[in-house]
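Per-entry structural report
Chain residues, written in single-letter form:
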Amino acid sequence: MEQINTEELLSTINEFTQSLSPLQWGIIGGGIALILILVASLSAGKRRKKRKARLVAPALKLDTFQISPLGRDAYFKVLNNGQPARLSQLSIKGRKDIVVKNAVAGHELQAGESYRILLEAAGNQKINSDFIIELSYVDLVGNVYQQAFALNQQAAKQPKLVRFA
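One structure accompanies this document, and this report is about it. Every value quoted in this text rests on a predicted model; they were computed, and no experiment measured them. (Residues numbered from 1 in each chain as written. Predicted model: local features only at pLDDT ≥ 70, side-chain atom pairs only at ≥ 80, totals over all residues. Heavy atoms only, no water.)

On to unusual backbone geometry, then. The phi torsion at Gln 154 lies on the positive side, around 55°, for a residue other than glycine. Mapped onto the elements of the fold, Gln 154 is located in the loop between strand E8 (144-150) and strand E9 (155-156). (Helix = DSSP H or I, 4+ residues; strand = E, 2+ residues; numbered from the N terminus.)

In structure tokens, the structure reads:
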């Protein structure tokens, strides 16, 4: 395989640019300007959508996490301080032996309401607060959010806007 000589490449590029007419330079400049305008308008539209999504966003927070005295059952209570939300999915990070006992998907959570999710240990290990519950939910407009609840810290992390409506 032949190695490209840097000086030859620069010489070829220089010859090519010198051979372009003013009209061709104008077309190239106009094309670059159009691309820059398109990129700027797309990013501005995305910022506008995010700002609009914040206005209708639910505000879920961890209300209570309580483990039963025997350590086999627990409940996780989430409170909505924002706009209404429809829960869509729950996943548990850090433990594979915990089962969710009630239906989460499709539950409507109005402003000011809380929802209790019942958990049960399926294996021999007792439930403790060494795992994270991740909830996915949808706002009134159809934006999808994911939010993690770190149970050992008794805190909810900031929700992530996953998909715009």
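Let's pick the thread back up.
Here we come to the nonpolar core. Counting 25 residues, the largest nonpolar core has Phe 65, Phe 76, Leu 119, Phe 131 and Leu 135 as the members making the most contacts within it. For this core, the secondary structure elements donating two or more residues are strand E1 (60-67), strand E2 (73-80), strand E3 (85-93), strand E6 (114-121), strand E7 (132-138) and E8. With sequence-adjacent residues up to four places away left out, Phe 65 is seen in contact with Ala 74, Tyr 75, Phe 76, Leu 119, Ile 127, Asn 128, Ser 129, Phe 131, Leu 151 and Gln 154. (Core = buried A, V, L, I, M, F, W, Y, C linked by side-chain atoms within 4.5 Å. Buried < 20%, exposed > 50% of the residue type's maximum accessible area, 1.4 Å probe, protein only. Contact = heavy atoms within 4.5 Å.)

Let us now look at the pairing of E7. The buried fraction of E7 amounts to 6 of the 7 residues, a majority that puts the element mostly inside the structure. Where E7 and E8 come together, 7 bridges link them in antiparallel fashion. Within the sheet, the bridge partner assigned to Val 138 lies in E8 and is Val 144. Counting the residues that bridge the hairpin from E7 to E8 gives 5 residues, and of these Gly 142 lies at a positive phi of roughly 115°. (Pairing = 2+ DSSP bridges.)

Before going further, it helps to spend a moment on the environment of Leu 20. For Leu 20, the location among the structural elements is in the loop between helix H1 (6-19) and helix H2 (22-55). Excluding its chain neighbours within four sequence positions, the residues that come into contact with Leu 20 are Trp 25 and Ile 28.

Take the environment of Ile 27 next. Along the chain, Ile 27 falls in helix H2. Given a relative accessible area of 57%, Ile 27 falls into the exposed group. In this structure the C-alpha to C-alpha distance between Ile 27 and Ala 150, which are 123 residues apart in sequence, comes to 55 Å.

When E1 meets E2, the two strands line up antiparallel, connected through 7 bridges. The residue bridging Thr 64 from the neighbouring strand is Lys 77, located in E2. What sits between E1 and E2 in their antiparallel hairpin is a turn of 5 residues, with Gly 71 showing a positive phi close to 80°.

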